[in-house]
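Structural features, examined
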Number of protein chains: 2
Amino acid sequence: MTYSELQTPQRTIMTPGPVEVDPRVLRAMSTPILGQFDPAFTSIMNKTMDMLREVFQTTNKWAFPVDGTSRSGIEAVLASVIKPGDKVFIPVFGRFGHLLMEICERYGGEISTIECEWGNVFDPQVVIQVMKNVQPDIVAMVHGETSTGCMQPLKEIGRACREQDILFVVDAVATIGGTEVKVDEWCIDAAVGGTQKCLSVPSGMAPVTYNERIEKVVLSRKKVEKGIATPLDEQNQSDGPKITSNYFDLSQLQDYWSPRRLNHHTEATSMLYALHEGLRLVLEEGLENRFNRHLTHEQALGAGVKAMGLSLFVEEEWKLPMVTCIKIPEGINGDSVRTMLLEQFGVEIATSFGPLHGKIWRIGTMGYSCRKENVLLVLAALEAVLLYHGAEVKPGKALQAALAYYTKESNEVSLSM
Amino acid sequence: MTYSELQTPQRTIMTPGPVEVDPRVLRAMSTPILGQFDPAFTSIMNKTMDMLREVFQTTNKWAFPVDGTSRSGIEAVLASVIKPGDKVFIPVFGRFGHLLMEICERYGGEISTIECEWGNVFDPQVVIQVMKNVQPDIVAMVHGETSTGCMQPLKEIGRACREQDILFVVDAVATIGGTEVKVDEWCIDAAVGGTQKCLSVPSGMAPVTYNERIEKVVLSRKKVEKGIATPLDEQNQSDGPKITSNYFDLSQLQDYWSPRRLNHHTEATSMLYALHEGLRLVLEEGLENRFNRHLTHEQALGAGVKAMGLSLFVEEEWKLPMVTCIKIPEGINGDSVRTMLLEQFGVEIATSFGPLHGKIWRIGTMGYSCRKENVLLVLAALEAVLLYHGAEVKPGKALQAALAYYTKESNEVSLSM
């Protein structure tokens with residue numbers, strides 16, 4: 001059998017990830033391979049660590065990608081930190097909170113949880129109160145729940161964890177690069193970011209950062225692999241409970257990312273090129289500018305959606321500034337709308353999971369996909385497809401509302417200049 | 001701080017990986033992103049599975065990449081198959097055998113091992129004899145040990161495993177795409193390949209294949225993640241011992257790679273493009289042609305190295321046909337030679353691990369790096385650098401020997417045409 005070259009259609013991707021990638025990042029991936037111990041390559045590794053620290057707003061020594069999709073970073077942190085029997089407290093407000101529970105359970109954590117209705121977040125004081133009762137070793141929480149379009153305030157919870165000497169682990173997969181994730185200021189001990197969302201780098205790497213509180217636990221479980229351990233390593237094997245996963249063993253990963261460069265895996269060369277270029281573009285734009293850009297397009301999209309006559313699933317102050325969830329109008333088949341958007345307009349939006357599947361659509365405004373022409377196209381296409389499906393939407397209003405927002409915005413910018 | 005675009009030197013990479021990548025594969029990675037459930041993308045997933053089956057020479061239903069570097073595929077298979085207390089027999093003939101032990105131990109396997117001196121492989125009958133005594137549940141073995149440049153014959157061991165109803169798991173990271181790996185004919189139940197070696201795709205994916213014997217174990221431990229499980233999934237949770245890793249849970253991975261497309265992770269889009277194009281090039285060249293090309297350049301390299309007056313570490317019939325290990329001449333600093341090769345010629349060769357570090361150099365002839373001009377350059381550069389270091393090598397002989405080999409080869413080809 002013969003196979004043909006890739007032939008891919010042009011798409012406008014307005015999901016909560018994977019999103020479109022800046023052509024400069026795509027081009028960076030076609031850079032020829034370098035050996036993993038080539039000084040030209042290890043210098044790229046080090047610069048990537050530097051840039052990750054800036055994006056995570058941290059002075060942590062450790063900030064590097066795990067080679068895998070976003071959940072690989074989450075699993076690396078949890079597998080390396082949770083010792084069997086550790087008490088882990090996980091407040092759940094959507095699907096990815098369940099994922100944290102799932103992973104913690106598998107690694108032998110004793111889980112306590114509270115759950116709120118999907119579409120809400122927790123009052124930090126409620127979380128802090130339960131923490132006092134539960135007295136966990138670790139609190140693990142999602143920052144931005146893309147499944148429900150909600151963002152949990154973390155600062156007060158982080159400070160309470162630090163005061164009570166609890167480790168605070170945060171899934172910032174959806175938010176990193178799109179809104180503030182202040183690792184140090186919020187007392188986050190370990191944070192995990194995603195590449196394929198607001199950083200706008202292809203899926204396949206998971207940036208993590210952690211501080212010396214996490215490192216202490218990791219080192220207490222350190223074990224250098226047979227076949228590469230020196231006699232000194234053999235002497236220094238720690239006697240803490242071993243980390244079950246080899247691939248996700250942060251004690252080995254940090255040796256690989258340190259000047260020792262102890263071989264653990266072969267760093268994913270082309271993905272690292274992509275991450276390096278993606279982070280460079282984030283910092284070139286500037287974190288504050290980038291966060292504002294995400295807000296602008298989210299606001300324009302929301303204005304258009306509401307002008308059309310649709311309702312948002314979450315509109316409160318805890319709405320994620322890069323995901324807009326829309327209630328599917330009664331009598332409309334959500335999947336049929338999505339299929340028509342894709343087939344007729346080449347526009348992709350998302351459904352949701354579990355209890356929200358078929359109830360809401362999710363539109364992402366993330367990274368390189370977060371652009372004016374994309375927002376205008378998704379509004380035009382959504383209106384047309386809904387009319388085609390017989391939904392009661394107000395024709396012509398959505399684009400006018402978005403345009404009004406954009407022109408007001410640019411007037412304000414020029415007036416303030 | 002500002003960061004600059006990637007600026008990378010040109011290199012000739014002659015290590016056992018990561019190796020150079022065909023420009024067509026590099027270009028494929030700059031293809032724009034597609035959503036993970038876009039039919040245009042799932043079709044690429046399916047074609048990649050088809051091509052993997054051809055490369056693994058199998059009719060297995062399951063053949064897909066794990067999103068991570070090579071050892072992620074090894075860990076996915078072992079984590080999903082080994083239940084705590086399972087007896088695992090691992091014959092070790094180099095570093096990557098130790099890695100298998102390491103991973104199996106972490107997942108609770110009871111390990112039995114035999115080890116032979118690095119530079120040798122096992123007589124299959126010896127392995128089979130020990131198997132009869134140990135009566136393991138699983139035999140795990142490396143096919144090509146890049147640390148020592150040796151290749152273990154597997155066919156007889158595979159057949160003995162099948163007869164005794166033992167699961168046979170093979171690390172074919174180094175060999176896949178460079179020499180025969182006959183999964184079905186050799187009765188391999190699960191095999192793991194590497195991308196950054198003879199397949200000549202960047203590091204970051206690990207193709208695996210497994211048959212229904214492995215699938216049966218995996219399904220007996222199946223558990224669909226909370227947050228996406230349907231009521232039917234909840235009913236059908238199996239009661240076998242759970243798989244510790246979420247990321248490496250093959251029961252979830254195979255749901256994602258099946259028509260159900262149950263969301264587990266976001267497939268690494270650009271890496272899948274690369275794997276698709278890399279596999280397409282392998283099949284376009286043809287497996288037999290490709291294996292012969294690897295043999296040709298290995299032979300030319302070996303002829304040159306020996307003509308120079310150097311000795312090979314392994315020359316027996318079990319030598320890996322894509323890695324050539326050379327004894328470092330007495331009194332020569334191996335790392336100084338490697339550094340000069342890189343700095344003056346832009347040529348990279350490798351050192352080895354553990355007991356062989358500083359004793360041998362390893363030169364890979366893999367994938368796109370396995371080309372005449374690369375072999376000739378590494379010989380010319382090695383001779384010059386060794387002379388510069390005062391080694392006793394015979395000037396001018398290496399290239400003449402390689403050229404003689406190449407011209408004889410091409411004469412034979414033209415005569416036989």
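A quick note: this is a predicted structure, and the numbers were derived from the prediction, not measured.

Thoughts on the overall build of chain A
On a plain count of helices and strands, chain A comes out with 14 helices and 13 strands. At 22 Å, chain A has a C-alpha radius of gyration in line with the 22 Å of a compact globule built from 417 residues. The principal-axis extents of the C-alpha atoms in chain A amount to approximately 75 × 60 × 55 Å. In chain A, buried positions account for 66% of the 417 residues. Split by element, the accessible area of chain A, about 14800 Å² in all, is 50% carbon and sulfur. Measuring between centres, the 40 positive side-chain charges of chain A sit 1 Å from its 51 negative side-chain charges.

A few points about the relation of the copies chain B and chain A
For the match of chain B to chain A, the screw axis carries a shift of 0.0 Å, the RMSD comes to 0.0 Å, and the turn is 180°. Put plainly, the chains are arranged around a two-fold axis. Scanning chain B for the C-alpha nearest the rotation axis identifies Gly 68 of chain B, at a separation of 2.3 Å. The overlap is high: 100% of the interface residues of chain B also sit at the interface in chain A, so the same surface is used on both sides.

Structural notes on the UniProt feature "domain: Aminotransferase class V" (unreviewed entry) in chain A
The UniProt feature table records "domain: Aminotransferase class V" (unreviewed entry) at residues 40-351 of chain A. Annotated as residues 40-351 of chain A, this span is 43% helix and 15% strand, and its ends, taken at the C-alpha atoms, are 43 Å apart.

Notes on unusual backbone geometry
Residues and elements named next belong to chain A. Following Gly 17, the chain continues into Pro 18 via a peptide bond in cis, with omega recorded as 0°. Position of Pro 18 among the secondary structure elements: in the loop between strand 1 (12-13) and helix 1 (23-28). Even without being a glycine, Asp 165 presents a positive backbone phi close to 60°. Structurally, the position occupied by Asp 165 is in the loop between helix 6 (155-163) and strand 8 (167-172).

Side note on the interface of chain B and chain A
Facing the 84 residues of chain B at the interface are 84 residues of chain A. Buried area between chain B and chain A, summed over both chains or domains, comes out near 7100 Å², and the portion from carbon and sulfur atoms is 58%. When the area that chain B buries against chain A is broken down by residue, the three leading residues are Tyr 3, Leu 6 and Arg 106 of chain B, summing to 13%. Where chain B meets chain A, there are 10 salt bridges. One can count 30 residue pairs in polar contact (both at pLDDT 80 or more) joining chain B with chain A. For the side of chain B that touches chain A, the elements supplying multiple residues, two or more each, are helix 1 (23-28), helix 2 (39-56), helix 3 (70-81), helix 4 (95-106) and helix 10 (269-285) of chain B.

Section: helix 7 (residues 212-219) of chain B
Those residues of helix 7 of chain B that sit buried are Arg 213, Ile 214, Glu 215, Val 217 and Val 218 of chain B. The residue sitting at the N-terminus of helix 7 of chain B and contributing the capping side-chain oxygen is Asn 211 of chain B; that oxygen lies 3.0 Å from the backbone nitrogen of Arg 213 of chain B.

Overview of the sheet that holds strand 4 (residues 110-115) of chain A
Residue and element names in this part refer to chain A. The strand order across the open sheet formed by 7 strands is 2-10-9-8-5-3-4, and the pairing between neighbours is mixed. Two strands in the sheet have a free side with no partner beyond their single neighbour: strand 2 (62-66) and strand 4. On average, each strand axis in the sheet is inclined to that of its neighbour by 20°, with strand direction left out of account. Along the sheet face, helix 5 (residues 124-134) touches strand 3 (87-92), strand 4 and strand 5 (138-142) and points at about 155° away from the line of strand 3.

Some remarks on the domain arrangement of chain A
All names here are of chain A. Domains assigned within chain A are domain 1 (21-282) and domain 2 (286-416). Facing 31 residues of domain 1, the contacting portion of domain 2 comprises 24 residues. For the pair domain 1 and domain 2, the summed buried surface comes to about 2200 Å²; carbon and sulfur atoms form 66% of the total. Between the two partners, domain 1 and domain 2, sit 0 salt bridges. Secondary structure elements with two or more residues in the side of domain 1 that touches domain 2: helix 2 (39-56), helix 4 (95-106), strand 6 (144-145) and strand 7 (150-151). Grouping the constituent residues of the side of domain 1 that touches domain 2 by class yields 12 nonpolar, 13 polar and 6 charged.

Focus on the environment of Met 49 of chain B
Residue and element names in this part refer to chain B. Examined against the element boundaries, Met 49 turns out to sit in helix 2. Residues Met 49 and Lys 61 lie 12 residues apart in sequence; the distance between their C-alpha atoms is 8.8 Å. Beyond its immediate chain neighbours, meaning those up to four positions away, Met 49 contacts Lys 61, Trp 62, Ala 63, Phe 64 and Trp 257.

Overview of the pattern of salt bridges
Residues and elements named next belong to chain A. Evaluated as defined, the whole model comprises 50 salt bridges over all chains. With its nearest N and O atoms 3.3 Å apart, the salt bridge here joins Glu 284 to Arg 280. You can see Glu 284 and its partner Arg 280 sitting in helix 10 (residues 269-285), 4 residues apart, about one turn around the helix. Across the salt bridge formed by Arg 290 and Glu 285, the nearest N and O atoms sit 2.9 Å from each other. Through salt bridges with shared partners, a single network forms among Asp 22, Arg 24, Glu 277, Arg 280 and Glu 284.

Overview of the packing of aromatic side chains
Residue and element names in this part refer to chain A. Inspection of the entire model under this criterion finds 19 aromatic pairs over all chains. When the centroid spacing of 6.3 Å and the interplanar angle of 80° are considered together, the rings of Trp 62 and Phe 64 count as edge-to-face. Here Phe 64 falls in the buried class, since its relative accessible area comes to 0%. Between the aromatic rings of Phe 93 and Phe 122, the centroid separation amounts to 6.3 Å while the plane-to-plane angle is 90°, which identifies the pairing as edge-to-face. With a gap of 29 residues between them, Phe 93 in the loop between strand 3 and helix 4 and Phe 122 in the loop between strand 4 and helix 5 connect regions that are remote in the sequence. Like Phe 122, Phe 93 is buried. Joined through ring pairs, the aromatic side chains of Trp 62, Phe 64, Tyr 210, Tyr 256 and Trp 257 make up one cluster. Between Arg 371 and the ring centre of Tyr 368, over which it is positioned, the NZ or CZ distance is 4.4 Å.

Notes on the pairing of strand 3 (residues 87-92) of chain B
Of all 6 residues making up strand 3 of chain B, 5 are buried, and the element is well covered by its neighbours. Of the crossover connections in this fold, the one passing from strand 3 of chain B over helix 4 of chain B to the parallel strand 4 (residues 110-115) of chain B is right-handed.

Observations concerning the sheet that holds strand 8 (residues 167-172) of chain B
Residues and elements named next belong to chain B. Spatially, 2-10-9-8-5-3-4 is the arrangement adopted by the 7 strands of the open sheet, whose pairing is mixed. Strands at the two margins of the open sheet, each flanked by one partner only, are strand 2 (62-66) and strand 4. Shown here is a sheet whose adjacent strand axes are inclined to one another by a mean of 20°, direction ignored. Where strand 3 lies against strand 4, 6 bridges are found, and the strand directions are parallel.

Criteria and cut-off values
Residues numbered from 1 in each chain as written. Chains lettered and ligands numbered in written order. Predicted model: local features only at pLDDT ≥ 70, side-chain atom pairs only at ≥ 80, totals over all residues. Heavy atoms only, no water. Helix = DSSP H or I, 4+ residues; strand = E, 2+ residues; numbered from the N terminus. Rg over C-alpha atoms; globule rule 2.2 N^0.38 Å. Buried < 20%, exposed > 50% of the residue type's maximum accessible area, 1.4 Å probe, protein only. Areas by Shrake-Rupley, 256 points an atom, 1.4 Å probe, with all protein chains shown as cover. Lys, Arg positive; Asp, Glu negative; His and termini not counted. Charge placed at Lys NZ, Arg CZ, Asp CG, Glu CD. Least-squares fit on C-alpha atoms with pLDDT ≥ 70 in both. Contact = heavy atoms within 4.5 Å. UniProt positions renumbered as here; feature names shortened; annotations may be inferred. Buried area = accessible area lost by both parts, 1.4 Å probe. Salt bridge = Lys/Arg side-chain N within 4 Å of Asp/Glu carboxyl O. Polar contact = N/O pair within 3.5 Å; in protein donor to acceptor, adjacent residues only side chain to side chain. Pairing = 2+ DSSP bridges. Axes fitted to C-alpha atoms, helices over the stretch in contact; angles between N-to-C directions. Domains from an automatic or database assignment. Nonpolar A, V, L, I, M, F, W, Y, C, P; charged D, E, K, R; others polar. Phe/Tyr/Trp six-rings, centres within 6.5 Å; stacked < 30°, edge-to-face > 60°. Lys NZ or Arg CZ within 6 Å of the ring centre and 35° of its normal. Right-handed = clockwise from strand over helix to strand, strands pointing away.

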